[in-house]
Amino acid sequence: MEEILVFQAGQQKVEKKYRGMTHFDNLGDAKRALLCYSFRVILIHLEAEENSGKKLAEYVRDIPRYYLTPILFFAADDRFEKWAFHQIHCYDYLVRPVSSDKLLNLILPLTSKEENREEQIVFKCKDKEVLVNISELIYLMADNRYVRVHTIHDVYYVPYLCLSRFAGQYEEYFIQCHRAVVVNRSFVRHIDYTNGTVTVPGDTLDMGRSFYKYVRKEFDGKLSSRYNRK
């Protein structure tokens, strides 16, 4: 887990007063970093003469794991303030200059590591957005144009969700065992390599042969009472 991403396309850089800050002045580099790492807070400088800061903010909100990540904007005036709060749902919008003390007072509470913070994912369903705790998400299964998201409480239908990309983004928690199935590692109860199935509470799911090697590598030698294999 990284701490703070700072994006400023202009020449003048924010003075680096906090050791957890990672600075970017190139939009492409910032986008790649967002996919490779998980940042707790995102600071974006908005410049009147160019739109890369706004483009980055919109890109952030299109990534499920960053849907609730605090974004702080810094700008020369308030011309983008309405957009920032209504479209991006930012944490705060500050007009420069901003003192180092004020900046630290804003970001330090946001980067504090809570012992029992619940990891969550936002899914965009057809007519609503659903916030799901990772600890309650059992598996995802492709179903024609939708992906069925099975939780311990309900099933949600999410359009246009790429399972391979989802599994890559949340590899710590999930494993893809079939081109159409991604499973929460914590809910795996049994792996049957003979019949090609993975058992989770209430369901037995297909495991694609091309995934055998990967699944075996991930689970063999790490089996506990939750992971059993004949």
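Quick note: structure is the one above.
Residues numbered from 1 in each chain as written. Predicted model: local features only at pLDDT ≥ 70, side-chain atom pairs only at ≥ 80, totals over all residues. Heavy atoms only, no water.

Comments concerning the overall build of the chain
Thought 1: Within the chain one finds 6 helices and 16 strands.
Thought 2: Residues classed as buried in the chain amount to 47% of the 230 residues present.
Thought 3: Excluding contacts between residues fewer than 6 apart, the proportion of contacts in the chain whose partners are at least 24 apart in sequence is 51%.
Thought 4: A total accessible area of about 13,100 Å² is found for the chain, and carbon and sulfur atoms account for 46% of it. (Helix = DSSP H or I, 4+ residues; strand = E, 2+ residues; numbered from the N terminus. Buried < 20%, exposed > 50% of the residue type's maximum accessible area, 1.4 Å probe, protein only. Contact = heavy atoms within 4.5 Å. Areas by Shrake-Rupley, 256 points an atom, 1.4 Å probe, with all protein chains shown as cover.)

Description of the sheet that holds strand β12 (residues 181-184)
Two orientations exist for strands paired in a sheet by backbone hydrogen bonds: parallel and antiparallel.
Thought 1: With respect to topology, 5 strands assemble into an open sheet ordered β10-β9-β8-β12-β11, the strand pairing being antiparallel. With one partner strand each, in any of the chains shown, β10 (155-159) and β11 (174-178) form the two edges of the open sheet. Pairs of neighbouring strands in the sheet enclose a mean axial angle of 20°, with direction left out of account.
Thought 2: Where β11 and β12 come together, 4 bridges link them in antiparallel fashion. Paired with F174 across the bridge in β12 is N184. (Pairing = 2+ DSSP bridges. Axes fitted to C-alpha atoms, helices over the stretch in contact; angles between N-to-C directions.)

A few points about the sheet that holds strand β4 (residues 71-75)
Thought 1: Taken in spatial order, the 5 strands line up as β2-β1-β3-β4-β5 in an open sheet, and their pairing is parallel. Two strands in the sheet have a free side with no partner beyond their single neighbour: β2 (21-24) and β5 (92-95). Strand-to-strand twist of the sheet, defined as the mean angle between neighbouring strand axes without regard to direction, takes the value 20°.
Thought 2: Alignment of β4 against β5, held across 4 bridges, turns out to be parallel.

A few points about the packing of helix α1 (residues 27-36) against helix α2 (residues 52-61)
Thought 1: Between α1 and α2, the least distance of the axes is 10 Å, while the angle of their chain directions is 20°. Between α1 and α2, the angle falls in the class roughly parallel. In the crossing of α1 with α2, the sense of the turn from one axis to the other is right-handed. Within the contact between the two elements, α1 uses L27, A30, K31, L34 and L35 and α2 uses S52, K55, L56, Y59 and V60. (Parallel < 35°, antiparallel > 145°, perpendicular 65-115°, else oblique. Left-handed = near helix turned anticlockwise from the far one by under 90°.)

Considering the pairing of strand β7 (residues 129-133)
On a regular strand, one side chain projects to one face of the sheet and the next to the other, so that they alternate.
Thought 1: As defined by bridge partners, strand β6 (residues 120-124) adjoins β7 across 5 bridges and the pair is classed as antiparallel. In the sheet register, Q120 faces β7, and the bridge partner there is N133.
Thought 2: Adjacent in sequence and paired antiparallel, β6 and β7 are bridged by 4 residues.

Points about the packing of aromatic side chains
Thought 1: Under the counting rule described, the total for this entry stands at 8 aromatic pairs.
Thought 2: We note K31 situated over the ring of Y59; from NZ or CZ to the ring centre the distance is 4.9 Å.
Thought 3: A cation over an aromatic ring shows up here: R216 above the ring of Y193, its NZ or CZ 4.0 Å from the ring centre. (Phe/Tyr/Trp six-rings, centres within 6.5 Å; stacked < 30°, edge-to-face > 60°. Lys NZ or Arg CZ within 6 Å of the ring centre and 35° of its normal.)

Quick word on the pattern of salt bridges
Thought 1: Per the stated rule, a full pass over the model turns up 8 salt bridges.
Thought 2: For R40, the salt bridge goes to E3, with nearest N and O atoms at 3.7 Å. Placement of the pair is R40 in the loop between α1 and β3 (41-46) and E3 in the segment before β1 (4-7), with a sequence separation of 37 residues.
Thought 3: The buried category is assigned to R40, whose relative accessible area is 15%.
Thought 4: Residue E3 is classed as buried on the basis of its relative accessible area of 13%.
Thought 5: Between D62 and K124 there is a salt bridge; the shortest N-O distance is 4.0 Å. Here the residue D62 occupies a position in the loop between α2 and β4, and K124 occupies one in strand β6, the gap between them amounting to 62 residues.
Thought 6: Given a relative accessible area of 57%, D62 falls into the exposed group. (Salt bridge = Lys/Arg side-chain N within 4 Å of Asp/Glu carboxyl O.)

Brief notes about α2
Thought 1: Most of α2 is tucked away, with 7 of its 10 residues classed as buried.
Thought 2: Taken together, the buried positions of α2 are S52, G53, L56, A57, Y59, V60 and R61.
Thought 3: Buried positions along α2 lie against β1, α1, β3, β4, α3 (81-86) and β6.

Quick word on the environment of L137
Thought 1: Its location among the elements puts L137 in strand β8 (residues 137-143).
Thought 2: Separated by 47 residues in sequence, L137 and N184 place their C-alpha atoms 6.7 Å apart.

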